[in-house]
Amino acid sequence: MGTPDDGLSRWALGPMTALNRQIIEGARPAADFPRAAATAVAAVLAGGDCDEATARRLVVLLGLVGAGLARHHQELDPAHKHDPEASFATVPGFLDAFTRLAARTGTGHPPRDAYASLTRWNLPPSEVRWRGAAVAVLPSAFDDGEVRTYTGATDEVRFFELIKLSETYERAVNDALDPIAAGAVDPAGAEATERLSRAAVLLEGMRRLNADFAALPPADGLRIGHFLDVFRQFAVHWRPGDLPPSGALDPEAIERDFRLGVDPPGYRRHVRRLLPGMLDAERARLDTVQHQPSVPDLVLTRCGRPAGLGGLSDAALRSLVAAHPVLAALFLAQQAHARVAGVHLLLARRFLFGPQQERDRSGHGDPGVVSNRRGTTGMDESALRHLTRLRQQHHLSALRALPLSELERIAGVTGLLHGGGLSATLSLPCTAGFVRNGRWRRPGWPVPRPRAAPDVAASPAWRQAS
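Residues numbered from 1 in each chain as written. Predicted model: local features only at pLDDT ≥ 70, side-chain atom pairs only at ≥ 80, totals over all residues. Heavy atoms only, no water.

Draft legend 1. Representation of the overall build of the chain in the model. Counting its secondary structure elements, the chain contains 19 helices and four strands. Computed over the C-alpha atoms, the radius of gyration of the chain is 23 Å, within 12% of the 23 Å expected from 2.2 N^0.38 for a compact globule of 466 residues. In terms of overall dimensions, the chain has C-alpha extents of about 70 × 55 × 40 Å along its principal axes. Excluding contacts between residues fewer than 6 apart, the proportion of contacts in the chain whose partners are at least 24 apart in sequence is 77%. (Helix = DSSP H or I, 4+ residues; strand = E, 2+ residues; numbered from the N terminus. Rg over C-alpha atoms; globule rule 2.2 N^0.38 Å. Contact = heavy atoms within 4.5 Å.)

Draft legend 2. Spatial organisation of the packing of helix 1 (residues 4–13) against helix 4 (residues 52–76). The contact between helix 1 and helix 4 brings their axes to 10 Å, and the two run at 35°. Of the two possible hands of crossing, helix 1 and helix 4 adopt the one that is left-handed. Along its contact with helix 1, which presents Asp5, Leu8, Ser9, Trp11 and Ala12, the element helix 4 presents Thr54, Arg57, Leu58, Leu61, Leu62 and Val65. Here the residues of the contact of helix 1 with helix 4 sort into seven nonpolar, two polar and two charged. (Axes fitted to C-alpha atoms, helices over the stretch in contact; angles between N-to-C directions. Left-handed = near helix turned anticlockwise from the far one by under 90°. Nonpolar A, V, L, I, M, F, W, Y, C, P; charged D, E, K, R; others polar.)

Draft legend 3. Looking closely at the sheet that holds strand 3 (residues 430–436). As summarised here, the arrangement of the four strands in space is 2-1-3-4, forming an open sheet in which the pairing is antiparallel. Strands with a single pairing partner mark the edges of an open sheet, and in this sheet they are strand 2 (133–138) and strand 4 (439–441). Along the sheet, successive strands turn relative to each other by an average axial angle of 35°, direction set aside. Pairing of strand 1 (residues 126–130) with strand 2 involves five bridges; the strand directions are antiparallel. Note on strand 2: the bridge partner recorded for Arg129 is Ala134. (Pairing = 2+ DSSP bridges.)

Draft legend 4. Expanded view of the packing of aromatic side chains. The full count for this structure, using the stated rule, is 15 aromatic pairs. Measuring from centroid to centroid gives 5.9 Å for Phe227 and Phe231, while their planes differ by 15°, and the two rings are stacked. Pair noted here: Phe227 and Phe231 are both in helix 9 (residues 224–231), with a separation of four residues, about one helical turn. Per residue, the accessibility class of Phe227 equals that of Phe231, and both read buried. Relative to Phe351, the ring of Phe227 has its centre 6.3 Å away and its plane inclined at 70°; by these criteria the two rings are edge-to-face. (Phe/Tyr/Trp six-rings, centres within 6.5 Å; stacked < 30°, edge-to-face > 60°. Buried < 20%, exposed > 50% of the residue type's maximum accessible area, 1.4 Å probe, protein only.)

Draft legend 5. Seen up close, the side chain of His109. With respect to the helices, strands and loops of the structure, His109 is situated in the loop between helix 5 (94–104) and helix 6 (115–121). What makes His109 buried here is its relative accessible area of 6%. Side chain to side chain, His109 and Ser117 meet in a polar contact 2.9 Å long. Once residues within four sequence positions are removed from consideration, His109 is found in contact with Val59, Phe98, Ala102, Ala114, Ser117, Trp121 and Leu279. (Polar contact = N/O pair within 3.5 Å; in protein donor to acceptor, adjacent residues only side chain to side chain.)

So, in structure tokens, the structure goes:
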């Protein structure tokens, strides 16, 4: 006999996605969704207590249902946006049940759909592997290998996969940086140099993943119209002032900013505004990170240059890096971080800001229930450009005066890449993929790149020491 989450999962994977498509296309009235949803969730709303694992699965499923209820109701009349809770009036008890199950997860999950449940818990387990050994893993609430989406479109599957794989890369990067910031590793020592060099390579892997996605033809990647008019329109408010799910709520990305010294005026206020949309462990982690010195501050102080490298001649820079190879590794990690930010801006520009600006010029406007003129959390293109520039103007930017190949050799990156350079080598030792049916596989959508020679070496020493 199936459990309530089994029946709801079957509905969410098939009939619900079809119904969403038909309503969006105008083939069925919006009122059909709450009627069907009420039947689908009845067993869950009437259910008693459940364990934490079941609660997490139900939160994922009810999150998708709630997004449909809220979107379709608010699209009926612009005035409905001012009373989002009325979206759930036709399914009595829905919000209370969601709040109860969110609390039962034991994670501090918000009382609405959230980034963590929509991506991390929803998708299959993901891994970043370094020459065959897993260096970062993100689990799943499900074991069936499926990806639950709003309409069943492959665009949504691919985009969700991109988000979770990117976060897995970020987890690997933060795991490499954490012991340096926490004081467990000498900031100027050989292990710090190796960790920062590996972080640079991992960030390049993440950058390529996202750049490959951006380069895909619309039919093989993400159609702009689907992203703007279908996918984003499910990120509606459930209650006034709440936080809909957004990639901006990725805690690993925020942690990486703090770890690498990106902390401009107002950034912490921005992060505090995002905290209600996160889990307890994520909030606690970011609080810890914000109270630790950044890796650049630690490294520069340890190398005798707490004020930075400004004003030094090329000869002085070369001498300093020769004495402290960790500076070369940190420079490469910060450069890689900046390049990731550049690709993020490119994706936002291609799929969101640019198309909406064209719509504004043509008179189409911005009629959706979720505005396409800014990100879900309110960040517009100018703010994102500003953050991107700050990530490019990092603590060690003076080292751009030295040849990149020289810095890569000193940092040991050339050795990690079997003699190649970070931007020139075709194959990296790190790859991201999903575990389905016990088998790890790369996603099917990225632009193919030549694969490195097989390497089944054990997990590297720096990982074992973590």
